[in-house]
Amino acid sequence: MIYQWPAPAKLNLFLYITGRRADGYHLLQTLFQFLDYGDTLTIEPVNTPRIRLINPLPGVAEADNLVIRAAGLLQRYLQVKKNIFTPPGADIQLEKRLPMGGGLGGGSSNAATVLVALNHLWQGGLGTEELAGLGLALGADVPVFIRGHAAFAEGIGEILTPANPPEKWYLVATPKVNISTPVIFADPDLKRDSPIRSLETLLALPFANDCEPIAIKRFSEVEQHLSWLLEYAPSRLTGTGSCVFAQFDTEIAARQVLEQAPAWMRCFVARGVNVSSLHNTLVGAN
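Values in this document were obtained by computation on a predicted structure and should not be read as measured data.

1. Let's talk about the environment of Pro-206
So, step 1. If you trace the backbone, Pro-206 turns up in the loop between helix 6 (199-203) and helix 7 (212-218).
So, step 2. On a C-alpha basis, the gap between Pro-206 and Glu-251 in space is 21 Å, while along the polypeptide they are 45 residues apart.

2. Description of the packing of aromatic side chains
So, step 1. Under the counting rule described, the total for this entry stands at seven aromatic pairs.
So, step 2. Residues Phe-14 and Phe-207 carry aromatic rings whose centres are separated by 5.2 Å and whose planes lie at 75° to one another, so their mutual orientation is edge-to-face. Here the residue Phe-14 occupies a position in strand 1 (residues 4-20), and Phe-207 occupies one in the loop between helix 6 and helix 7, the gap between them amounting to 193 residues.
So, step 3. On the basis of relative accessible area, Phe-207 is assigned to the partly exposed category, the value being 25%.
So, step 4. Considering the side-chain rings of Tyr-37 and Phe-268, the 3.9 Å spacing of their centres and the 15° angle between planes classify their relative orientation as stacked. Of this pair, Tyr-37 sits in strand 2 (residues 26-46) while Phe-268 sits in strand 10 (residues 267-273), and the two are 231 residues apart along the sequence.
So, step 5. Ring pairing ties together the aromatic residues Phe-14, Tyr-16, Phe-152 and Phe-207, which thus form one cluster.
So, step 6. The positively charged end of Arg-197 is found above the aromatic ring belonging to Tyr-16, 4.8 Å away from the centroid.

3. Considerations on the pattern of salt bridges
So, step 1. What the rule picks out here adds up to 13 salt bridges.
So, step 2. A salt bridge links Lys-217 to Asp-187, with the shortest nitrogen-to-oxygen separation between them at 2.9 Å. Of this pair, Lys-217 sits in helix 7 while Asp-187 sits in the loop between helix 5 (181-185) and helix 6; the two residues are 30 residues apart in sequence, bridging distant segments of the chain.
So, step 3. Through salt bridges with shared partners, a single ionic network connects Asp-187, Asp-189, Lys-217 and Arg-218.

Calculation criteria
Residues numbered from 1 in each chain as written. Predicted model: local features only at pLDDT ≥ 70, side-chain atom pairs only at ≥ 80, totals over all residues. Heavy atoms only, no water. Helix = DSSP H or I, 4+ residues; strand = E, 2+ residues; numbered from the N terminus. Phe/Tyr/Trp six-rings, centres within 6.5 Å; stacked < 30°, edge-to-face > 60°. Buried < 20%, exposed > 50% of the residue type's maximum accessible area, 1.4 Å probe, protein only. Lys NZ or Arg CZ within 6 Å of the ring centre and 35° of its normal. Salt bridge = Lys/Arg side-chain N within 4 Å of Asp/Glu carboxyl O.

In short, geometric facts, not functional conclusions.
The structure is reproduced here in structure tokens:
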């Protein structure tokens, strides 16, 4: 039985804001691709209903932690669906590599991994789409991690179409700043009128991120990191930031630039992959 499960990072290879709904949610078009790098969760089922995160994240209340919320959501759902009087629980340990508020999807990926892993470990029997529906209640990005395939996302991020962009190598820089998504989306200068285009059209154009000018304006650390990367390769913001990434055709090229990174930059090199490590782990567990 597998107890260690990956929670991979994602990149938004492009992100365009195409409008805004009456309820305030922004409409977008974005392309998700996974990285072969991320967090790791060690999950051990227990015979009591207790759900415990052995190493809580500093500054994050248990009620707000997506790991605990995801486990509790699945536990309650299975309890009702299967009429279980005493549901199983779990002890969970999180090895955190991805920064919070970085645009790499760390929290969403953690939640997705918990749902997928516990559904397997608890023998919940839920299919991918049922799990994705549960995950959407935890965050708009959670379903793409549950499905485990690179995707073109539209609407508010909930309409997903599988995609197969080139699997490039990336040098990802992680500024020491936590950017809250609402801060970016609330900015009056945010571009909200990008045209709606097909994936084929967007893949043929230079990639961009409509949130990047706002992140640069508000956070000097983002501008500093991005300016340095742009000297070496096409580079841009992922999600609403704060992380930025440079794109390379080979691992060697990415690592050569990594070796030149100044001491004030925190960076890692990873490959973009269209099938996530979580999906591969699940396949190996079944």
